[in-house]
Amino acid sequence: MGAYAGRNQGLELRKDKPQWSGWLWVAPALALLAFVQLVPIAQTLYYSFFSRTSYSAGEYVGLGNYRLTMGSADFKTAIINNLIFSLSVPLVVLVSLVFVAILYQGLHLARLWEAMVFLPYLPAIASASVALVYFLGENGPVNSAIRAVTGNDTAGIHWLTQVGTASWTIMLVLSWKRVGLTVLLLLARMVTLDPAQFEAAALEGASWPRTFRRIALPQLTSIIQFAAIIGFVEVFAYAFSYVFMLTKGGPQQSTYTLEFLMYQLEFSRQNVGQASAVAMLILAIMAALGAARAVVARREGELF
Amino acid sequence: MSTAVQRAVPTTPHYERARLWRKGSPILVWGKYVFVILVALVCVAPLYSMLTTAFADPATFRSTDLFPTGFTLENFKITWTDLGFRTMLINSIILSLPASAISTAVSVAAAFGLSRFQFPGRTLLVFLFVASVAIPPIVIMPALYITYSQLGWTNTWFGAILTSTGLLIPFSTFLMYSYMRDLPKEQFEAARVEGAGSIRQFASLAVAMSRPAIATTFLLAVVFVWNDLLVPLFLLPSAEKATLMTGLAALGPSRVGAQNVPLLMAGVLISVAPLIPLVVFGRRALLRGLVESGG
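Residues numbered from 1 in each chain as written. Chains lettered and ligands numbered in written order. Predicted model: local features only at pLDDT ≥ 70, side-chain atom pairs only at ≥ 80, totals over all residues. Heavy atoms only, no water.

**Q** I'd love a proper account of the layout of surface pockets, names of residues and values included.
**A** Of the volumes computed, that of the largest pocket is approximately 610 Å³. What lines the largest pocket is a set of 22 residues, and nearest its centre among them are A:Leu172, A:Trp176, B:Val39, B:Val42 and B:Cys43. Its residues assigned to classes, the lining of the largest pocket shows 20 nonpolar, 2 polar and no charged. (1 Å grid on protein atoms, 1.4 Å probe; cavity = no way out; pocket = protein on both sides within 12 Å on 5 of 7 lines; lining within 4 Å. Points joined across faces, edges and corners; volume = space filled by probe spheres on them. Nonpolar A, V, L, I, M, F, W, Y, C, P; charged D, E, K, R; others polar.)

As structure tokens, then:
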């Protein structure tokens, strides 16, 4: 996202004669996209106005499913959890920026630290989650270490098993998984910046934090925005997988997100209509995020 | 926001560039190391624990060990055959390779159409593909499940591969489009003058010049499908068609007692291992693809 904007230097712009054969090249991709994604979304919109279940088509209820959903306690929990998970985006950007600023300035074994931070990006969410459920378990390695250090046999954190704590743990897991990629993206942009400008600032006696803030940061804006947007998209796209693998929505439904609520409604309560309404709300949030991105891009004059 | 062809992404950062500031107060220097090492350790610790546990001897293993000692390969033998990870690995391959190959081929063609032809609706199509990147796959699953049930496609390889392919299309097309858009148009012009049709231009120019981008797209596709939980979870529910991801989800630590944790971690390692060489050797390509798509 972002680069699609831009100049079409390579494009053959013959205004006089439209090259209709272009459609033929796009047709297979368009057909696949339509069948697997666009048609199901249209169906979902349609289902969201009916009291449809897995067994019956139901009847037209207008906005009833939306009203029912938005009034429910699970919905409130889900919205709050989606917001908590979204906090991983600014957290990751902040940690990555400090990390990159330090690394760029020069540090022993810089490559090693960079590689270590990238590691959590490799395993799939499912694989990493299985390892983490054990690692953060009641009697897992982390709590054992806490007990060993404090000398208290009942000490430890109920990472994934306590209402209130579990949502924040998932937020941290999301951040853990994503920080390496953000560091890589920022570093890749950072090394394309002209080092002479930093040297000039150093000669004038500016400290490195100040130089980074004043000179490097403004030039990193577009890549930070990109990292933030894919961060939000991933929080929404993968929140279900994290919740499904780490807590199954528990304890006491406290880690429900919109995606998990949708899954519960559809496959446990067989309430297709209401599940579809939740799906449409998720899509509306994604559309709003996309629009925000487009507004930012247009302000920078880079859209199409 | 330079272009794909003009900008070569440096993958070996020159950290030493800005050493001018290194002399700071000792507290600041220590603080930097503490921050970086702390972040790095937090990132690695769970994976290191997983790795050591996977090789730990189940007989002497205690879940309270931070980093268990002992070394045995027995866990992998049991996990491979008795826990069915051999079948799951094969299933993951059956799903990810065809889906990645088809979606890459189709996306390369679409990117060629979008970047080399000027036709009514082109801008709208580009927008459609780009916007679809942001669709969370989970929201389409309920409707898709209902449709596939009616068609008898649930729990079939065809349905799952078709869905994975369709999910990959927007990102792959977008990635290929951002690359092909910047190919020098003079060569295409010259080919046209020499009488090359669009199929010739596609095969001997566009594809030939885009090889690195095609490799990136394919690589990212394999990683995406391999790691995907949703498609196999919803569309391949039977145990004999479980992939590594749904297999891990079904085994889950909650159902496995403490003495079996080493087996479970061996399973986690099996699920991650095939991607390690791919990502280690393909990291340049992966990074280049991501940076270019991100501007």
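**Q** Requested: an account of the confidence of the model for chain B, with residues and values cited.
**A** The predicted coordinates ought not to be read in detail in places where the model reports low pLDDT. All names here are of chain B. With 85% of its residues at a pLDDT of at least 70, chain B reaches an overall mean of 85. The least confident element of chain B is helix α13 (residues 275-294), whose mean pLDDT is 69; the most confident is helix α3 (residues 85-116), at 96. Across residues 1-13, confidence stays below pLDDT 50; counting only partners more than four residues off in sequence or on other chains, it has 32 contacts. Reported for the predicted complex are a pTM of 0.87 and an ipTM of 0.87. (pLDDT = per-residue confidence, 0-100. Helix = DSSP H or I, 4+ residues; strand = E, 2+ residues; numbered from the N terminus. Contact = heavy atoms within 4.5 Å.)

**Q** Explain the interface of chain A and chain B residue by residue, including any values.
**A** Contact residues are listed per partner, giving 115 residues for chain A and 121 residues for chain B. Summing both sides of the interface, chain A and chain B together bury roughly 10,700 Å²; the carbon and sulfur share of this comes to 73%. Of all residues in chain A, the largest losses of buried area upon contact with chain B belong to A:Trp25, A:Gln105 and A:Tyr134, amounting jointly to 8% of the total for that side. For the pair chain A and chain B, the number of links is 0 salt bridges. Linking chain A with chain B are 10 residue pairs in polar contact (both at pLDDT 80 or more). Looking at the side of chain A that touches chain B, the element that brings in the most residues is helix α1 (residues 21-47) of chain A, giving 19 residues. A per-class count over the side of chain A that touches chain B returns 81 nonpolar, 22 polar and 12 charged. (Buried area = accessible area lost by both parts, 1.4 Å probe. Salt bridge = Lys/Arg side-chain N within 4 Å of Asp/Glu carboxyl O. Polar contact = N/O pair within 3.5 Å; in protein donor to acceptor, adjacent residues only side chain to side chain.)

**Q** Please provide a residue-by-residue account of the environment of B:Trp226, values included.
**A** Residue and element names in this part refer to chain B. Tracing the sequence through the fold places tryptophan 226 in helix α9 (residues 211-227). Overall, tryptophan 226 belongs to the buried group, its relative accessible area being 5%. Taking the C-alpha atoms as reference points, tryptophan 226 and leucine 236, separated by 10 residues in sequence, lie 14 Å from one another. For tryptophan 226, the residues in contact, after removing those within four places along its chain, are Leu89, Ser92, Ile93, Ser96, Leu244, Met245, Ser271, Pro274 and Leu275. (Buried < 20%, exposed > 50% of the residue type's maximum accessible area, 1.4 Å probe, protein only.)

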